Amino acid sequence: MTARFGARLAGAVAARGSLCAGIDPHPGLIEAWGLPLDASGLERFALSAAETLGEVAAIVKPQSAFFEAFGSAGVAVLERVVDVAHDAGALVLLDVKRGDIGSTMAAYTAAYVAEKAAFTADAATVSPYLGFGALDAAVAAAREAGNGLFVLARTSNPEADALQRARLEDGRTVAQSVVDAAADHNAGAEPYGDVGVVVGATVAPGEVDLSRLNGPVLAPGFGAQGATEADLRAVFGEGLPGLLPASSRDLLRHGPDPAALRRAAQEVNGRLAGLRGKGQ
Ligand SMILES: O=C(O)c1cc(=O)[nH]c(=O)n1[C@@H]1O[C@H](COP(=O)(O)O)[C@@H](O)[C@H]1O
C-alpha cells in the first residue's frame, strides 16, 4: 500500500530538500523562453519545467490558472505536467485553490485528490473561506486516497490582511482558526499529518502559531514577492517540520536551459537546508 501523503512528503523532503518548485507559466515567461504564446508554447514550457524541476525538487506546484487560460488544450497540458513530474520523481501539489459548499467540494475532490481522481496529484490547495467545515468531506476523501490538502490560512498577498487578521469572538484571528482546524485533522500523525496550511513567507513574524499544526506548511512569497531566507527564519523559525518554501517566477526565470534551471533549484534547496530540522 502506498504511504499516506504526509509520510511521502517527509520522505521526499529528507531526500531532496524542502523547496516547493512552482510551475507558473506566465505569458511573459513563455515568451522569455522564446516560445510562442499559444498551447504549443505552454506545452513546451510546462513539460520542460516539470521534467527538470521534478528531478530535483521534493514537490512541484503547477498553478492551474495559467493552464486554464489556454482552455481545454491547457488543461490537457496540466494533466501531462502531473505525470511528467511524477515520472521525474517529485510529488505534485496542484494549485487550484478550490473552495465551495460541501456538495460541490465533493466534485472538486473527485477532480483532484480523491481515489481515482481525474488528475493524479498528491495534494491540492483549497480555500476555507466558505467555512472550514465545508472542507471536511474533502479532507476525508483525500486521506482515504492517501493524498493531502493545503488549506489557505494566512496568504502572502497584502489584500488578505484585513480578512485573515480579523478576530473571532474567541479572540483568535481568522487565520489562526484555520490553522487550528487543520491541526485537529493532523493530531497524532507521524511524522506529520496530511492537512497542510498555506502561510505566506511575507507575513509578520508571530502572526500565526503553528506549534500544534503537526502538518506541512506551504510558504509562498519567497523569491519574486520579496521574502528572503531571513524572512522565512523570522516567520517560521528553524527546524519547523514540513516547512515548504515555494518559489515560482524566481526559479523559472532561469530557463529555458534545463541545466541552468536545475542549478537554480539546487542552489535554493542548498540555502534552505539550514532551516530544516533534524531528520527532515
Ligand atoms: O497557494 C499558493 O500557492 C499561494 C498562496 C499564497 O498565499 N500566495 C501565493 O503566491 N500563492 C501561489 O504561489 C505562487 C507564487 O508565485 P511566485 O510569486 O512567482 O513565486 C503563485 O502560484 C501563487 O498563486
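About the cut-offs
Residues numbered from 1 in each chain as written. Predicted model: local features only at pLDDT ≥ 70, side-chain atom pairs only at ≥ 80, totals over all residues. Heavy atoms only, no water. UniProt positions renumbered as here; feature names shortened; annotations may be inferred. Helix = DSSP H or I, 4+ residues; strand = E, 2+ residues; numbered from the N terminus. Contact = heavy atoms within 4.5 Å. Axes fitted to C-alpha atoms, helices over the stretch in contact; angles between N-to-C directions. Parallel < 35°, antiparallel > 145°, perpendicular 65-115°, else oblique. Left-handed = near helix turned anticlockwise from the far one by under 90°. Phe/Tyr/Trp six-rings, centres within 6.5 Å; stacked < 30°, edge-to-face > 60°. Buried < 20%, exposed > 50% of the residue type's maximum accessible area, 1.4 Å probe, protein only. Pairing = 2+ DSSP bridges. Right-handed = clockwise from strand over helix to strand, strands pointing away. Salt bridge = Lys/Arg side-chain N within 4 Å of Asp/Glu carboxyl O.

You'll find the protein entered in an unreviewed UniProt entry as Orotidine-5'-phosphate decarboxylase, with Amycolatopsis rubida given as the organism. Taken directly from UniProt, the Catalytic activity (unreviewed entry) text for the protein runs: "orotidine 5'-phosphate + H(+) = UMP + CO2". Here is the UniProt Pathway (unreviewed entry) comment for the protein, exactly as written: "Pyrimidine metabolism; UMP biosynthesis via de novo pathway; UMP from orotate: step 2/2."

Trainee: Just checking my understanding: could you explain the side chain of arginine 98 for this structure?
Mentor: Tracing the chain through its elements places arginine 98 in strand β3 (residues 91-98). In this structure, arginine 98 is in contact with Glu68, Met105, Tyr108, Tyr112, Thr125, Val126 and Ser127, ignoring residues within four places of it in sequence.

Trainee: Would you take a moment to explain the packing of helix α3 (residues 39-56) against helix α5 (residues 71-87) for this structure?
Mentor: Working note: a packed helix pair is described by the angle between its axes plus the distance between those axes. In contact at an axis separation of 9 Å, α3 and α5 are set at 15 degrees when each is read in the N-to-C sense. When the axes of α3 and α5 are compared, the pair comes out roughly parallel. For the element pair α3 and α5, the recorded crossing hand is right-handed. Along its contact with α3, which presents Ala39, Leu42, Glu43, Ala46, Leu47, Ala50, Glu51 and Gly54, the element α5 presents Ala73, Gly74, Val77, Arg80, Val81, Val84 and Ala85.

Trainee: Can you help me understand the packing of aromatic side chains in this one?
Mentor: The geometry of an aromatic ring pair comes down to the distance between the two centres and the angle between the two planes. A complete count under the given rule lists 3 aromatic pairs for this structure. Between tyrosine 112 and phenylalanine 119, the ring centres sit 5.4 Å apart and the planes meet at 35 degrees, which makes this aromatic pair tilted. The two residues tyrosine 112 and phenylalanine 119 agree in class, both being buried.

Trainee: For this particular structure, what's the right way to read the pairing of β3?
Mentor: Across a regular strand the side chains alternate sides, sitting on one face of the sheet and then on the other. For β3, a buried count of 7 out of 8 residues is recorded, marking the element as mostly surrounded by other parts of the structure. Two elements, strand β2 (residues 59-62) and β3, share 2 bridges in a ladder whose sense is parallel. Across the sheet, isoleucine 59 pairs through a bridge with leucine 91, a residue of β3. Pairing between β3 and strand β4 (residues 123-126): 3 bridges, direction parallel. Paired with leucine 93 across the two strands is alanine 123, which belongs to β4. For the handedness criterion, the β-α-β arrangement of β3, helix α6 (residues 102-112) and β4 is classed as right-handed.

Trainee: I would appreciate a short explanation of the pattern of salt bridges in the present structure.
Mentor: Opposite charge on two side chains makes pairing possible when the charged atoms of those side chains draw close. In total, this model carries 17 salt bridges according to the counting rule given. The salt bridge partner of aspartate 194 is arginine 4, with a shortest N-O separation of 2.6 Å. Residue aspartate 194 is located in the loop between α9 (174-186) and β6 (195-199), and its partner arginine 4 is located in the segment before α1 (5-16); the two are separated by 190 residues in the primary sequence. Taking relative accessible area as the criterion, arginine 4 reaches 25% and is therefore assigned partly exposed. A salt bridge links glutamate 68 to arginine 98, with the nearest nitrogen and oxygen atoms 3.4 Å apart. Of this pair, glutamate 68 sits in helix α4 (residues 64-68) while arginine 98 sits in strand β3, and the two are 30 residues apart along the sequence.

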